[in-house]
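Spelled out from the first residue to the last, the chains are:
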Amino acid sequence: MDKEITFDLPTGVHLATLTNVKPFLKQAAKGKQDWVRLIFDVEVRGMEDLDCRAGRNFMLSFKAGSDLRNFLTPMLGPDFFKQNSAKTIDLEKLLVGKKGLVTLSHFCGENYDKPLVIVEVFEPLNLGGKD
């Protein structure tokens, strides 16, 4: 049988690989907005029989100070956005396959049986071949 997929993961720091970049539209008061969901395959000790995944959604904005830009800077380098200013980039090509440490936390919402797993940080194992 295939491994069962679960997003119900424990808090802590885990080895992970960024495996998917999924664009989607989200309705907002001002109209539709472009968003992107980053999906990670996560290695969790004791859960080897499950396909452990975690995801995080971002508004698709690379403006200085945006959540997506702040999240991607450690992966792409401090000069990436300046060097690629006004250029078209392929997020999937840039990100899929990146390995690193993911920090997971929980948010316990009212009236929910399980906590929401939050991807706080992704720290790449290397940046451009450098350790």
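All values reported here derive from a predicted model rather than from experimental measurement.

## Considering the environment of Ser 66
Reasoning step 1: Considering the arrangement of structural elements, one finds Ser 66 in the loop between strand E4 (50-59) and helix H1 (67-76).
Reasoning step 2: A distance of 2.7 Å separates a polar atom in the side chain of Ser 66 from the backbone oxygen of Ser 61.

## Side note on unusual backbone geometry
Reasoning step 1: We note that Ala 86 has phi near 65 degrees; this positive angle belongs to a residue other than glycine.
Reasoning step 2: Residue placement: Ala 86 occurs in the loop between helix H2 (80-83) and helix H3 (91-95).
Reasoning step 3: Classification of Ala 86 by relative accessible area gives exposed; the value is 85%.

## Overview of the pairing of strand E2 (residues 12-28)
Reasoning step 1: By the bridge criterion, 6 bridges tie E2 to strand E5 (residues 99-107) in an arrangement that is antiparallel. Paired with Val 13 across the two strands is Thr 103, which belongs to E5.
Reasoning step 2: Linkage of E2 to strand E3 (residues 31-43), two consecutive antiparallel strands, is achieved through a turn of 2 residues.

## What to know about the sheet that holds E2
Pairing between sheet strands relies on hydrogen bonds along the backbone, with the strands arranged either parallel or antiparallel.
Reasoning step 1: Strand order in this open sheet of 6 strands is E1-E4-E3-E2-E5-E6, and the pairing throughout is mixed. The open sheet has two edge strands with one neighbour each: strand E1 (4-6) and strand E6 (116-124). The mean angle between the axes of side-by-side strands here comes to 35 degrees, regardless of whether they run parallel or antiparallel.
Reasoning step 2: Here E3 pairs with E4 via 7 bridges, running antiparallel.

## Description of the side chain of His 14
Reasoning step 1: For His 14, the location among the structural elements is in strand E2.
Reasoning step 2: In this structure the side chain of His 14 is engaged in a polar contact, spanning 3.3 Å, whose partner is the backbone oxygen of Pro 10.

## Quick notes on the pattern of salt bridges
Reasoning step 1: All told, the structure shown has 3 salt bridges when counted by the stated rule.
Reasoning step 2: Connected via shared salt-bridge partners are Asp 41, Asp 51 and Arg 53.

## So, the packing of aromatic side chains
Reasoning step 1: For the structure on display, the rule yields 6 aromatic pairs.
Reasoning step 2: Aromatic pair Phe 40 and Phe 122: ring centres 5.1 Å apart, planes at 35 degrees, arrangement tilted. In this pair, Phe 40 is assigned in strand E3 and Phe 122 in strand E6, connecting sequence segments 82 residues apart. Residues Phe 40 and Phe 122 agree in their burial class; the two are buried.
Reasoning step 3: Taking the centre distance of 5.8 Å and the plane angle of 35 degrees together, the rings of Phe 62 and Phe 81 count as tilted. Remark: Phe 81 occurs in helix H2 and Phe 62 occurs in the loop between E4 and H1; sequence separation between them is 19 residues.
Reasoning step 4: Given a relative accessible area of 28%, Phe 62 falls into the partly exposed group.
Reasoning step 5: Members of the aromatic cluster, connected to one another through ring pairs, are Phe 40, Phe 58, Phe 71 and Phe 122.

Calculation criteria
Residues numbered from 1 in each chain as written. Predicted model: local features only at pLDDT ≥ 70, side-chain atom pairs only at ≥ 80, totals over all residues. Heavy atoms only, no water. Helix = DSSP H or I, 4+ residues; strand = E, 2+ residues; numbered from the N terminus. Polar contact = N/O pair within 3.5 Å; in protein donor to acceptor, adjacent residues only side chain to side chain. Buried < 20%, exposed > 50% of the residue type's maximum accessible area, 1.4 Å probe, protein only. Pairing = 2+ DSSP bridges. Axes fitted to C-alpha atoms, helices over the stretch in contact; angles between N-to-C directions. Salt bridge = Lys/Arg side-chain N within 4 Å of Asp/Glu carboxyl O. Phe/Tyr/Trp six-rings, centres within 6.5 Å; stacked < 30°, edge-to-face > 60°.

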